[in-house]
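Analysis of the macromolecular model
In case you want the letters, here they are:
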Amino acid sequence: MIKTLAKSLHEYKKGSVITILLSILEAAFEILIPLCMAEVIDKGIDLGNMNAVWKYSIVLLIFAALQLLTGVLSAHIAAKTSVGFSANLRQDMYDNVQTFSFSNIDKFSTASIVTRLTTDVTNIQNAYQMLIRMAIRGPVMLVFSMIVSFRINSTVAWIFLAVIPVM
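Quick caveat, the model's predicted, so the values are computed rather than measured. (Residues numbered from 1 in each chain as written. Predicted model: local features only at pLDDT ≥ 70, side-chain atom pairs only at ≥ 80, totals over all residues. Heavy atoms only, no water.)

Quick look at helix 3 (residues 50-98)
Taking 1.5 Å of rise per residue, the 49 residues of helix 3 would be expected to cover 72 Å, and the 71 Å separating its terminal C-alpha atoms lies within 8% of that figure. Sitting at the head of helix 3, Asn 49 places a side-chain oxygen 3.2 Å from the backbone nitrogen of Asn 51. (Helix = DSSP H or I, 4+ residues; strand = E, 2+ residues; numbered from the N terminus. Expected span 1.5 Å × (residues − 1). Polar contact = N/O pair within 3.5 Å; in protein donor to acceptor, adjacent residues only side chain to side chain.)

Written out as structure tokens, the structure reads:
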């Protein structure tokens, strides 16, 4: 079934890959922001070093802006890609219906065919958009979070790693 659906991607494969890459970048920035905030506190506020506070605050703002940019671009490209994919899928399904013999057309009701061309394709469109955004972002966040937690405190990170399968 995935091979059949993948045939309808056509010119939207590039958009799918770009969305995945932007989602990975967005997740990376989301993990880097708390680290940068920790640096503001540890190297700036605790030591009374205003230069460090300004430096890390500017870096924090840049990371936040980059996360916003990658998130917006990722959502925009994912929406365009999934809409184009569903349009191609609808057209491919319609072309396939046109090849049916009269006995096959009598077997399927018009309402059933219209439902397949509208509601079912819309559900596939929404699932595809979530797949290229959320299904990528979640595991990437998990991996980046584990890397950062090992960087901060490896003992606590091993506890997190042991608890994750249970959860």
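Remarks on the confidence of the model for the protein
On average, residues of the protein carry a pLDDT of 91, and 100% of them reach 70 or more. Averaged pLDDT values for the elements of the protein fall to 78 in helix 4 (residues 102-107) and rise to 94 in helix 3. (pLDDT = per-residue confidence, 0-100.)

Section: a nonpolar patch on the surface
A surface patch of nonpolar side chains, about 420 Å² in accessible area, is lined by Ile 58, Ile 62, Leu 66, Leu 69 and Leu 73. By the element assignment, Leu 66 lies in helix 3. A relative accessible area of 32% means that Leu 66 is categorised as partly exposed. (Patch = residues over 30% accessible without salt bridge, like charges linked within 9 Å, V, L, I, M, F, W, Y side chains within 5 Å. Areas by Shrake-Rupley, 256 points an atom, 1.4 Å probe, with all protein chains shown as cover. Salt bridge = Lys/Arg side-chain N within 4 Å of Asp/Glu carboxyl O. Buried < 20%, exposed > 50% of the residue type's maximum accessible area, 1.4 Å probe, protein only.)

Quick look at the packing of aromatic side chains
The full count for this structure, using the stated rule, is four aromatic pairs. Ring centres of Phe 150 and Trp 158 lie 5.0 Å apart, and the angle between their planes is 85 degrees; this geometry places the pair in the edge-to-face category. Residue class for Phe 150 comes out partly exposed when judged on its relative accessible area of 28%. A residue is classified by how much of its surface remains accessible, and Trp 158, at 54% relative accessible area, is exposed. (Phe/Tyr/Trp six-rings, centres within 6.5 Å; stacked < 30°, edge-to-face > 60°.)

Side note on the packing of helix 2 (residues 13-45) against helix 3
The N-to-C vectors of helix 2 and helix 3 enclose an angle of 160 degrees; their axes lie 8 Å apart at closest approach. By the angle class used here, helix 2 and helix 3 are roughly antiparallel. Between helix 2 and helix 3 the crossing geometry is left-handed. In the contact of helix 2 with helix 3, the residues fall into 21 nonpolar, 11 polar and four charged. (Axes fitted to C-alpha atoms, helices over the stretch in contact; angles between N-to-C directions. Parallel < 35°, antiparallel > 145°, perpendicular 65-115°, else oblique. Left-handed = near helix turned anticlockwise from the far one by under 90°. Nonpolar A, V, L, I, M, F, W, Y, C, P; charged D, E, K, R; others polar.)

A few points about the environment of Ala 65
Looking at the secondary structure, you find Ala 65 in helix 3. Its relative accessible area of 45% is what places Ala 65 among the partly exposed residues. For the pair Ala 65 and Met 1, spaced 64 residues apart in sequence, the C-alpha separation works out to 39 Å.

Notes on unusual backbone geometry
Of note, the phi angle at His 10 is positive, near 40 degrees, even though the residue is not glycine. Relative to the helices and strands, His 10 is located in the loop between helix 1 (2-6) and helix 2. When its relative accessible area of 45% is taken as the criterion, His 10 is described as partly exposed.

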